[in-house]
Amino acid sequence: MRLSRSLIPTLKETPAEATIASHRLMLRAGLVRQEAAGIYAWLPAGQRVLANVARIVREQQNEAGAQEILMPTIQPADLWRESGRYEDYGQEMLRIRDRHDRDLLYGPTNEEMVTDLYRNAVRSYRELPQSVYHIQWKFRDEVRPRFGVMRGREFLMKDAYSIDLDYAGAVISYRRMMLAYMRTFQRLGLSAIPMVADTGPIGGDLSHEFIVLAPTGESEVYYDAAFEAIDWTSGEYDIESQADLDRFYTRMTTIYAATEEKHDPRAWEQVAPASRRQGRGIEVGHIFYFGQKYSRPMGLTVAGPDGAPVIPHMGSYGIGVSRLVGAIIEAHHDEAGIKWPDSVAPFRAVILNLKQGDATTNQIAERLYQAFAPDALYDDRDERAGVKFADADLLGHPWQVIVGPRGAANGRVELKRRATGERHDLTIEDALTRVCV
Ligand code: ATP
Ligand code: MG
């Protein structure tokens, strides 16, 4: 994209309403715009990040064998009356009435709808296990929407739902999803630590939250840094193998991690002091096993091996896709702006033409732009170098290719790595190969 014709409205001033780094930087870098309390429009650069996060989440869900579907945002109230949650959910649920006086709601989650889908489509134990997921907007009328997209009212969630014949099967599905989550967060550049959690209105009795450290997190957490050193994407665990999943789960649950409510000071003493990580944490994902909580009241049964009807066991698995964009910025920024991990950056590189209009710089910048397209942003604005540098640091592109008149005359450009600040003076060819890797 050419910056001169892009809807990337960067701000020099810090917006008064933003109290945390990610919110401030998302507004300053022109990623989002607030439309109403807790409701945001995603502008081009923000939308590219959101799409990259969703793509990684999707790839790991697919690898775990979950099938992608797309359910509507609007749901009939009657489904929720079947589970008993229509009344229970309270004021967080946005209730709607259509022109025929039918009660609808903007979905805060989809357990009922998925139970209904399975109820209508799955007949026999031979069709199990299965899982489905979608990446869809949710609405929860939060009392205090705040921190930008971190606690919105309308937000993008990945929610998956597993169905198994029995408890033993459901446990395998749960562990598989947990491994998929560790891989997902690692690829997003985050150390998200699973912590045993309360199950809340979703219900059930086995649940973990995935928590990222950030000063603005809502709960105090404690964990052993051993988690950060593990490469979950290596070939060590085969996501298809039950034995590997058991081994994985044992490892997960023997390294210390706890939220304030579950913290055990005596076990904490056993963690090597240099390995202790303590601080505020943001919840970026949450998984639940809830057994027959929905299948039973909603009359979901399948024919079991002896022909008799069996009530299946289910689980649900959420990831806050839009919240993750804020969480990634919390983990990757400095005074000057965002430092995107390569995997989610809106643009892999920005090309800074320091003398717009000069025949040589124009020619080199255009050539680089063509080579990197469509993954590059070309700062072709008629602006001072200082403004271009500041915006590039603010927007956080992993690579900056700086085309100045002096270097250009000798066929050279400067390459800056945003994360480390490293700079190299290179030929155009060398710059091209460096950025491509
Ligand atoms: P929280 O405790 O933060 O309110 P929750 O426990 O109510 O979240 P879940 O039902 O577990 O949320 O939803 C799954 C995921 O969706 C959460 O782990 C979180 O990442 C994300 N999420 C939940 N509520 C919001 C929100 N208001 N804005 C943005 N993301 C959210
Ligand atoms: Mg939760």
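Here is what the cut-offs are and how they apply
- Residues numbered from 1 in each chain as written.
- Chains lettered and ligands numbered in written order.
- Predicted model: local features only at pLDDT ≥ 70, side-chain atom pairs only at ≥ 80, totals over all residues.
- Heavy atoms only, no water.
- Pairing = 2+ DSSP bridges.
- Helix = DSSP H or I, 4+ residues; strand = E, 2+ residues; numbered from the N terminus.
- Axes fitted to C-alpha atoms, helices over the stretch in contact; angles between N-to-C directions.
- Donors = N, O, S within 2.8 Å, 3.2 Å for Na, K, Ca; no water.
- Buried < 20%, exposed > 50% of the residue type's maximum accessible area, 1.4 Å probe, protein only.
- Near = heavy atom within 4 Å.
- Polar contact = N/O pair within 3.5 Å; in protein donor to acceptor, adjacent residues only side chain to side chain.
- Areas by Shrake-Rupley, 256 points an atom, 1.4 Å probe, with all protein chains shown as cover.
- 1 Å grid on protein atoms, 1.4 Å probe; cavity = no way out; pocket = protein on both sides within 12 Å on 5 of 7 lines; lining within 4 Å.
- Sits in = over half its atoms within 2 Å of the grid points.
- Nonpolar A, V, L, I, M, F, W, Y, C, P; charged D, E, K, R; others polar.
- Domains from an automatic or database assignment.
- Buried area = accessible area lost by both parts, 1.4 Å probe.
- Salt bridge = Lys/Arg side-chain N within 4 Å of Asp/Glu carboxyl O.
- Points joined across faces, edges and corners; volume = space filled by probe spheres on them.
- Contact = heavy atoms within 4.5 Å.

### Description of the sheet that holds strand E6 (residues 103-106)
If you trace the 3 strands from one edge of the open sheet to the other, you get E4-E6-E5, paired in antiparallel fashion. Only two strands of the sheet have a single partner each, and these edge strands are strand E4 (74-76) and strand E5 (94-97). Taking the axes of each pair of neighbouring strands and ignoring which way they run, one obtains an average angle of 35° across the sheet. Two elements, E4 and E6, share 3 bridges in a ladder whose sense is antiparallel. Across the sheet, residue Gln75 finds its bridge partner in E6, namely Leu105.

### With respect to the coordination of the magnesium ion (ligand 2)
Reference geometry at the metal: tetrahedral coordination by four donors gives ideal angles of 109.5 degrees; octahedral coordination by six donors gives 90 or 180 degrees. At the metal site, the magnesium ion (ligand 2) is ligated by Glu283 (OE) and His286 (ND1), and these contacts range over 2.1 to 2.3 Å. By relative accessible area, which is 30% here, Glu283 ends up partly exposed.

### Concerning the site of ligand 1
Ligand 1 sits among 14 residues. The nearest are Glu142, Arg151, Gly152, Glu283 and Arg323. Contact distances for ligand 1 include 2.8 Å between a nitrogen atom and a side-chain N or O atom of Glu142. The separation between an oxygen atom of ligand 1 and a polar main-chain atom of Val284 is 3.3 Å. Protein chains shield 84% of the accessible area of ligand 1, which is 580 Å² for the free molecule. The pocket occupied by ligand 1, as judged from atoms lying within 2 Å of grid points, is the largest pocket. Elements with a contribution of two residues or more to the shell around ligand 1: strand E8 (154-164) and strand E13 (276-291). Among the elements that line the shell around ligand 1, the one with the most residues is E13, at 4 residues. Among the residues forming the shell around ligand 1, the class breakdown is 5 nonpolar, 4 polar and 5 charged.

### So, the domain arrangement of the protein chain
When its domains are assigned, the protein chain resolves into domain 1 (3-338) and domain 2 (349-436). Taking both partners together, domain 1 and domain 2 bury about 1,100 Å²; carbon and sulfur atoms supply 58% of that area. Of all residues in domain 1, the largest losses of buried area upon contact with domain 2 belong to Leu3, Thr10 and Ile338, amounting jointly to 47% of the total for that side. Residues Arg418 and Asp334 are paired through a salt bridge, measuring 2.8 Å at the closest nitrogen-oxygen approach. At the junction of domain 1 with domain 2, the criterion picks out 9 residue pairs in polar contact (both at pLDDT 80 or more).

### A word on the layout of surface pockets
Roughly 980 Å³ of internal volume is contained in the largest pocket. In this structure, the largest pocket is lined by 42 residues; those nearest its centre are Arg140, Arg151, Glu283, His286 and Arg323. Put simply, the parts of the chain that give the lining of the largest pocket at least two residues each are E8, strand E10 (206-213), E13, strand E16 (313-320) and helix H9 (321-331). Here the lining of the largest pocket gets 7 residues from one element, more than from any other, and that element is E13. Split by residue class, the lining of the largest pocket holds 15 nonpolar, 15 polar and 12 charged. As a volume, the second largest pocket reaches approximately 230 Å³. Considering the residues around the second largest pocket, the lining is formed by 13 residues, among which Thr10, Lys12, Val387, Ala390 and Asp391 are closest to the centre.

### Details of the environment of Leu190
With respect to the helices, strands and loops of the structure, Leu190 is situated in the loop between helix H6 (167-187) and strand E9 (193-196). For Leu190 and Arg102, which are 88 residues apart along the polypeptide, the C-alpha to C-alpha distance reads 43 Å. Residues in contact with Leu190, not counting those within four places in the same chain, are Phe185, Val212, Leu324, Ala327, Ile328 and Ala331.

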